[in-house]
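Breakdown of the fold
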Amino acid sequence: MCNILLDKLSLRKMETTATWMNMYSNMTSTQNGGSYNVTNDLMATDVSDPTKRFIKKTSDILMIVILAVILMSLGCTIEPTKLLQQIKKPVPLIIGMVLQFIVYPLMAFGFAHAFQLNKYDALGVLILATCPGGSISNLVTFYSSGDVCLSVCMTTVATTVAIGMMPLNLWVYSRSFITSTLSVPYVIIVISLVTILVPVAIGIVILKKRPMLASYILKAGGVLGMLFIVIVIAINLYLYPGLFHSDWKMILLAIILPWFGMSVGYAGSRIACFSHKQCRTIGIEVSSQNVALSTTLIYLSFETDDATKIVVFSLIFGIFSIISLVIFTIIFRIYINCKTRKNKSLNGSGPKEKKENIYNISITIASQD
């Protein structure tokens, strides 16, 4: 009887040891391959399933179409005369480009090493950080009483400059992460970046020839920009159920990076003695990375298995970036309203006059701050 019990205890001990060894193996795989369990059944989709194959192809086409509409809506905000006027006073644009394509990628590179990210997560962070600003920054700039003309010009110039700076930054910063099994397809990235200028140019022509149509495209681009992240996340969660099994490092980095970008953009502009309005605009622009562009570039440039691992940070960042910008806008509007009521006494004014005075004073303060 004792021998039987000992045999059972020994067998149970061996099973427990095997379980712990398997867990350790999974942890090692997580550290080397991703901040999630990179196992075949977790990340792989069933390629033999015709429904999933159809959804994958449809999602690839859908991402390209939505990105084209978003970029076309960006073109519908660009008036060549105003763009030329801004270029004639290029100092804010130059400072913004330096912060966008030199300081911000360097900061992301430092975070990737400080958080000890694996090659897939690190490359995802770098691709996102080297992207130009997104069109959502123009909307946030408007609601936070920033310089909308400067915001649109920065987005336009950054989209063009990214053709050279994005591959250059990836070449400089990704070499400490890439291996023989993972390389950066620079040529494909450059070709993809060049092609994004086409819908922007079409949007500029539409604005000049058909202003009414441009207004509809602008509204559609704003809505699609918000829906893009939701659509991509929903499709990828269906195709890859383990996509968001990310550890705390990825989530924390996605939370703090937008705020760091905004702080760096504002501080760098303030050092250059710009107005608060310009500093606020540049800070928003630097922190608002083009998630739609980074996501589409990743899927077009890398193999499906690699792209699925690299794209995780872009999707997580997109969620927290929108949340951060909304919080910033709300805080700024509360600040302006409080400052307006504090600086102006409305004694003796009627209700209608009070509302008009508050509105006019808030506009004045917002333009100065």
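Rules behind the numbers
Position numbers for residues start from 1 in each chain and track the written sequence from start to end. Since the coordinates come from a predicted model, pLDDT governs what is reported: local features require at least 70, and pairs of side-chain atoms require 80 or more to be given and counted, while whole-chain, interface and lining totals use all residues. Processing note: side-chain calculations cover all non-hydrogen atoms of the structure and skip hydrogens and water entirely. Confidence scores here are pLDDT values: one per residue, from the predictor, ranging 0 to 100. Note on conventions: DSSP H or I runs of at least 4 residues are helices, E runs of at least 2 residues are strands, and numbering of each starts at the N terminus. What makes two residues a contact is simply this: any of their non-hydrogen atoms within 4.5 Å. Note on geometry: axes are C-alpha line fits, over the in-contact stretch for helices, and angles between N-to-C directions span 0 to 180 degrees. In this scheme, roughly parallel covers angles under 35 degrees and roughly antiparallel covers those over 145, while 65 to 115 is roughly perpendicular and the rest are oblique. Here a crossing is called left-handed whenever its near helix is offset anticlockwise from the far helix by less than a right angle, and right-handed whenever the offset is clockwise. Under the scheme applied, nonpolar residues are Ala, Val, Leu, Ile, Met, Phe, Trp, Tyr, Cys and Pro; charged residues are Asp, Glu, Lys and Arg; polar residues are all the others, including Gly. Identification of polar contacts relies on pairs of N or O atoms within 3.5 Å, with a donor-acceptor requirement for protein atoms, meaning one able to donate a hydrogen and the other able to accept it, and with residues adjacent in sequence counted only if both atoms are side-chain atoms. Patch building starts from residues that exceed 30% relative accessible area and form no salt bridge, then joins like charges within 9 Å and nonpolar side chains (Val, Leu, Ile, Met, Phe, Trp, Tyr) within 5 Å. For the accessible areas, the method is Shrake-Rupley and the probe is 1.4 Å, while residue cover comes only from the protein chains on display. Take a side-chain nitrogen of Lys or Arg and a carboxyl oxygen of Asp or Glu: if they are within 4 Å of each other, that pair is a salt bridge. Accessible area is worked out with a 1.4 Å probe on protein chains only. A residue is then buried under 20% of its type maximum, exposed over 50%, and partly exposed in between. Each aromatic pair joins two rings of Phe, Tyr and Trp (for Trp, the six-membered one) with centres within 6.5 Å, and gets the label stacked for planes under 30 degrees apart, edge-to-face for over 60, and tilted for any other angle. Two limits define a charge over a ring: the Lys NZ or Arg CZ must be within 6 Å of the ring centre, and within 35 degrees of the ring normal.

This paragraph deals with the confidence of the model for the protein. Of the residues in the protein, 76% reach a pLDDT of 70 or more, and the chain-wide mean stands at 76. Mean pLDDT across the elements of the protein ranges from a minimum in helix H2 (residues 40-43), with 40, to a maximum in helix H5 (residues 91-114), with 93. Segment residues 1-44: pLDDT under 50, and 46 contacts once partners within four positions in sequence are set aside and those in other chains are kept. Residue range residues 353-359 is modelled with pLDDT below 50. Its contacts to residues more than four positions away, or to other chains, number seven contacts.

Take the packing of helix H7 (residues 136-143) against helix H16 (residues 312-343) next. Running from amino to carboxyl end, H7 crosses H16 at an angle of 15°, the nearest separation of the two axes being 9 Å. In this view, H7 runs roughly parallel relative to H16, as classed from their interaxial angle. Crossing geometry of H7 relative to H16 is assigned as right-handed. Side by side, H7 and H16 meet where Ile136, Val140 and Tyr143 of the first sit next to Ile322, Leu325, Thr329 and Arg333 of the second. Across the contact of H7 with H16, the residue classes tally to five nonpolar, one polar and one charged.

Considering the arrangement of structural elements, one finds Ser294 in helix H14 (residues 291-301). One polar contact links Ser294 to Ser314, side chain to side chain, over a distance of 3.2 Å.

Moving on, we come to the environment of Glu79. Tracing the backbone shows Glu79 in the loop between helix H3 (50-75) and helix H4 (80-88). Once the C-alpha coordinates of Glu79 and Cys149 are considered, the two residues, 70 residues apart in sequence, prove to be 9.4 Å apart.

On to a nonpolar patch on the surface, then. Together, Trp259, Ile319, Ile323, Ile327 and Ile331 line one region of the surface with nonpolar side chains, adding up to about 420 Å² of accessible area. In terms of residues, the nonpolar patch owes the most to one element, H16, which gives four residues. Following the sequence through the fold, Ile323 ends up in helix H16. Residue class for Ile323 comes out partly exposed when judged on its relative accessible area of 42%.

On to the packing of aromatic side chains. Two descriptors summarise a pair of aromatic rings, namely the distance from one centre to the other and the angle between the planes of the rings. A full pass over the atoms with the stated rule returns seven aromatic pairs. Centre to centre, the rings of Phe109 and Tyr173 are 5.0 Å apart; their planes meet at 40°, and the pair counts as tilted. Note that Phe109 is positioned in helix H5 and Tyr173 in helix H8 (residues 148-173), a separation of 64 residues in sequence. Look at Phe111 and Phe260: their rings are 5.1 Å apart centre to centre, the planes differ by 80°, and that puts the pair in the edge-to-face class. Taken together, the positions of Phe111 in helix H5 and Phe260 in helix H12 (residues 248-271) put the pair 149 residues apart, joining distant regions of the chain. Note on Phe111: relative accessible area 13%, which makes it buried. Sitting above the plane of the Trp171 ring, Arg175 keeps its charged end 4.2 Å from the centroid.

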